[in-house]
Amino acid sequence: MTSSPTAPQTQHPTTQHPTVQQDVRREASRRRTFAVISHPDAGKSTLTEALALHAQVINQAGAVHGKAGRRATVSDWMEMEQERGISITSAALQFAYEDQVINLVDTPGHSDFSEDTYRVLSAVDAAVMLVDAAKGLEPQTLKLFRVCKARGLPVITVINKWDRPGLDPLELLEQIQDQIKLVPTPLTWPVGIAGDFRGVLERRTGDYVAFTRTAGGATRAPEERMDAEAAAAREGDVWETALEESDLLASDGADHDQDLFLSGFTTPVLFASAISNFGVSSILRTLVELAPSAVPFRHGEPGEDGRPAQVREVDAPFSAFVFKVQAGMNTQHRDRVAFARVCSGVFERGMVVTHAQTGRPFATKYAQAIFGAERAVLDTAFPGDIIGLVNANALKIGDTIYVDEPVTYPPIATFAPEHFAVATAKDSGRFKQFRKGIEQLDSEGVVQVLRSDLRGAQSPVLAAVGPMQFEVAQARMESEFGAAIRLERLGYTQARRTDAASAPALASVRGVEVMERSDGTPLVLAPDKWRITVIERDHPELTLEPLIAGDQ
Ligand SMILES: Nc1nc2c(ncn2[C@@H]2O[C@H](COP(=O)(O)OP(=O)(O)OP(=O)(O)O)[C@@H](O)[C@H]2O)c(=O)[nH]1
Ligand SMILES: [Mg+2]
């Protein structure tokens, strides 16, 4: 622990002073809070690192080698992530860039961990969507994009890996337009085909930004800016092609429009090679200039557009929204951290806040800024910032904390699990550790935990969107809690929400099972959709509601 256990408990002012409000508004307007999302392997963690490097937080980028055996990127801190070279859990980084404060969350691309990504998308103001130049739009990118759309998040698109042979840039734009119905408005245009990345044409100024390769891309790549004439002299036909294509785009109306971008009709597009740090400065610039500053969060009953109707302005008294819980972040810090996004007001370490879900006061003595797995004591935070509250055991995913004026932000939906397994402790003598571990994994949302009287407390059922979640649960149970588990897969693929009135009748239906999820929701598990249809037909009086599907 780096925070002092004797930190004083400061009393917050009961009414917000106008100068405090002014400060908060100014600080909120400096914040850029976004998630990096995409299909697995498009380069999110590499880009995260490159952005931070560019802002000069890190001296040497980690992702210099191939996936396996590479030095881990800052955001991939978990042992399993480093071994496999994939992101399993989201990680937040904060850095200053010029006069702005960037809060960036690197998310896992694998669909088995899409619930984690989904939670992050409920806490950010924009998304950077990565597209692999060779693969184009991939299924997971499409799914994530739909979540952004539902949340009204503006999306900046980055076509990555332009250093490798790939698709034609115009074809990539067509895919974006056709498949996600966003009008792409390129801000930069590549000079040189995929695999021969010489630089970009900056469409707003008409300048050429030429790139120079550095050894392994491990340091900030030098860029050289020149006007069109110098570019033509240097690159010849390749420059002319870029110019022609860019003109073609302009005549198609594919130029940036800030209002259309913020309202989710268009997406600015940039070309990059995260691994060689090419185009990374343009991405940072775009975030600073175009991405929204900390936006006020909504709450209350849904309005006409289906979104909560009330708005808590950023200069209202402090409030924050818990979107992630994580324990065992490294061997020195085995404690539990609740990550909260500040939605309004100033956060000051030590302030006493109210936990909206229980109405109980809660002292924020151990607040930390978290940078991958690293931590530092955090004294103040503003709207858009992400705070790590250590050992805040009462805080669950989706909870709200506030001061003064009460507020409760809408909860985060959980996905419909499609994989189920009975967990038992390998060593029955370690049942206490087993129970503690399962409870922890449940509160982090690593897996959902279901129980029934029939199966008993010794053998809860773990439910997951994807089977890799089981591997994470198994590994963590052994390494963090010293309670190795055995998992026995069950033949169910479907879960529906039911209620206390319907549960007894459903429990007697052959082939299905009723269990209670740890949040109190009774769920019906069935082997396939067909079985659900049959029950619906034979017993229309019974409650069987779909849960939000993982592919929404
Ligand atoms: N050639 C090339 N390779 C890249 C580039 N960016 C990333 N890579 C490589 O692509 C692989 C995947 O990169 P990551 O950054 O781990 O991808 P990710 O999107 O974070 O992956 P998940 O988190 O597992 O979804 C690694 O081997 C990187 O070195 C790039 O611009 N060019
Ligand atoms: Mg990653």
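In this text, all values refer to a predicted model and were calculated from it rather than measured experimentally.

## As for the coordination of the magnesium ion (ligand 2)
On the protein side, the magnesium ion (ligand 2) has Ser45 (OG) and Ser87 (OG) as donor atoms, found 2.0 to 2.1 Å from it. Here the residue Ser45 occupies a position in helix α2 (residues 44-54), and Ser87 occupies one in the loop between α3 (79-84) and β2 (91-97), the gap between them amounting to 42 residues.

## Describing the site of ligand 1
Surveying the vicinity of ligand 1 reveals 20 residues, the closest of which are Lys44, Ser45, Thr46, Ser87 and Asp163. Considering ligand 1 on its own, with 650 Å² of exposed area, one finds that the protein chains cover 95% of that surface. Of the residues forming the shell around ligand 1, the biggest block, three residues, is contributed by α2. Tallied by class, the residues present in the shell around ligand 1 amount to five nonpolar, eight polar and seven charged.

## Things to note about the pairing of strand β9 (residues 207-211)
Burial runs high along β9: five of the five residues are buried. Burial along β9 is two-sided: Asp207, Val209 and Phe211 and Tyr208 and Ala210, pointing in opposite directions, are all buried. Pairing between strand β8 (residues 199-202) and β9: four bridges, direction antiparallel. Bridged to Leu201 within β9 is Tyr208. Remark: four residues form the turn of the hairpin made by β8 and β9, two consecutive strands paired antiparallel; Gly206 in that turn has positive phi of roughly 80 degrees. Across four bridges, the pairing between β9 and strand β10 (residues 223-226) is antiparallel. Bridge assignment links Tyr208 to a residue of β10, and that residue is Met226.

## Some points on the packing of aromatic side chains
Aromatic rings in a pair are described by how distant their centres are and how their planes are angled relative to each other. Across all of its chains, the model carries 13 aromatic pairs by this definition. Seen from their ring centres, Phe211 and Phe278 are 4.6 Å apart, and the 25 degrees between their planes marks the pair as stacked. With Phe211 in strand β9 and Phe278 in the loop between β11 (266-271) and α10 (280-290), this pair connects stretches of sequence that are 67 residues apart. The residues Phe211 and Phe278 share a single accessibility class, namely buried. Ring geometry for Phe297 and Tyr409: centres 5.9 Å apart, planes at 80 degrees, overall edge-to-face.

## Description of empty space enclosed by the protein
Within the structure shown, the criterion is met by three cavities of 30 Å³ or more. The calculated volume of the largest cavity comes to roughly 200 Å³. Lining the largest cavity we find 18 residues, and of these Ile88, Thr89, Asp116, Gly445 and Val446 sit closest to its centre. Those elements giving two or more residues to the lining of the largest cavity turn out to be α4 (114-121), β14 (319-327) and α12 (468-481). Looking at the lining of the largest cavity, its residues break down into seven nonpolar, four polar and seven charged.

## A few points about the confidence of the model for the protein chain
The share of residues in the protein chain with pLDDT of 70 or more is 90%, and the mean pLDDT across the chain is 87. Confidence drops under pLDDT 50 across residues 1-14; counting only partners more than four residues distant or on other chains, this segment forms 33 contacts. Ignoring residues within four places in sequence, the model shows residues 59-71, a span with pLDDT below 50, making 29 contacts including any to other chains.

## Quick look at the sheet that holds strand β18 (residues 360-363)
Sheets are built from strands paired through backbone hydrogen bonds, the pairs being either parallel or antiparallel. With antiparallel pairing, eight strands are arranged side by side in an open sheet as β18-β17-β23-β14-β15-β22-β19-β20. Among the strands making up the open sheet, the edge pair consists of β18 and β20 (374-377). Sheet twist, expressed as the mean angle between neighbouring strand axes with direction ignored, is 40 degrees. Where strand β17 (residues 352-355) and β18 come together, four bridges link them in antiparallel fashion. Within β18, the residue paired with Val352 across the bridge is Ala363.

## A word on the nonpolar core
Judged by nonpolar contacts, the single largest core of 63 residues is most densely connected at Ile37, Leu121, Ile159, Trp162, Ile180, Phe271 and Phe323. Non-local contacts of Phe271, meaning those with residues more than four positions away in its chain, are made with Ile159, Trp162, Pro169, Thr188, Trp189, Pro190, Phe197, Val200, Phe278 and Gly279. Core analysis: the next-biggest nonpolar cluster, separate from the first, contains 30 residues, Ala42, Leu51, Val158 and Leu290 among them.

About the thresholds
- Sequence positions are assigned chain by chain, starting from 1 and proceeding in written order.
- The order in which chains are written sets their letters, starting at A; the order in which ligands are written sets their numbers, starting at 1.
- For a predicted model such as this one, the threshold for reporting local features is a pLDDT of at least 70, and the threshold for listing and counting side-chain atom pairs is 80 or more; totals across whole chains, interfaces and linings nevertheless cover every residue.
- Just so you know, side-chain values use all the structure's heavy atoms and leave hydrogens and water out.
- Distances decide who is a donor: an N, O or S atom must be within 2.8 Å of the metal, or within 3.2 Å for Na, K and Ca. Water is not included, so sites may look incomplete.
- Secondary structure follows DSSP: runs of H or I at least 4 residues long count as helices, runs of E at least 2 residues long count as strands, and numbering of each begins at the N terminus.
- Here, proximity means that at least one heavy atom of the residue falls within 4 Å of the molecule or strand.
- With residues, only the protein chains shown are counted as cover, and all accessible areas are computed by Shrake-Rupley using a 1.4 Å probe.
- Asp, Glu, Lys and Arg are counted as charged, while Ala, Val, Leu, Ile, Met, Phe, Trp, Tyr, Cys and Pro are counted as nonpolar; the rest, among them Gly, fall into the polar class.
- Only protein chains enter the accessibility calculation, which uses a 1.4 Å probe; a residue whose area is less than 20% of its type maximum is buried, one above 50% is exposed, and one in between is partly exposed.
- Note on pairing: two strands pair once DSSP finds at least 2 bridges between them.
- Pairing of aromatic rings covers Phe, Tyr and Trp, the last counted by its six-membered ring, and requires centre-to-centre distances within 6.5 Å; plane angles under 30 degrees mean stacked, over 60 mean edge-to-face, and any other angle means tilted.
- Within this scheme a cavity is a closed region of a 1 Å grid, computed over the protein atoms alone, that accommodates a 1.4 Å probe without allowing it to escape, whereas a pocket is open but has protein on both sides within 12 Å along at least five of seven lines; lining residues each have an atom within 4 Å of a point.
- Grid points are joined across faces, edges and corners, and a volume is the space filled by probe spheres set on the points.
- One confidence number per residue, pLDDT, is output by the predictor and ranges from 0 to 100.
- Note on definitions: a residue-residue contact is assigned when non-hydrogen atoms from the two residues lie within 4.5 Å.
- Lines fitted to C-alpha atoms define the axes here, with helix axes fitted over just the stretch in contact, and angles between the N-to-C directions of these axes take values from 0 to 180 degrees.
- Remark: nonpolar core denotes a set of buried residues (Ala, Val, Leu, Ile, Met, Phe, Trp, Tyr, Cys) joined through side-chain atoms within 4.5 Å.

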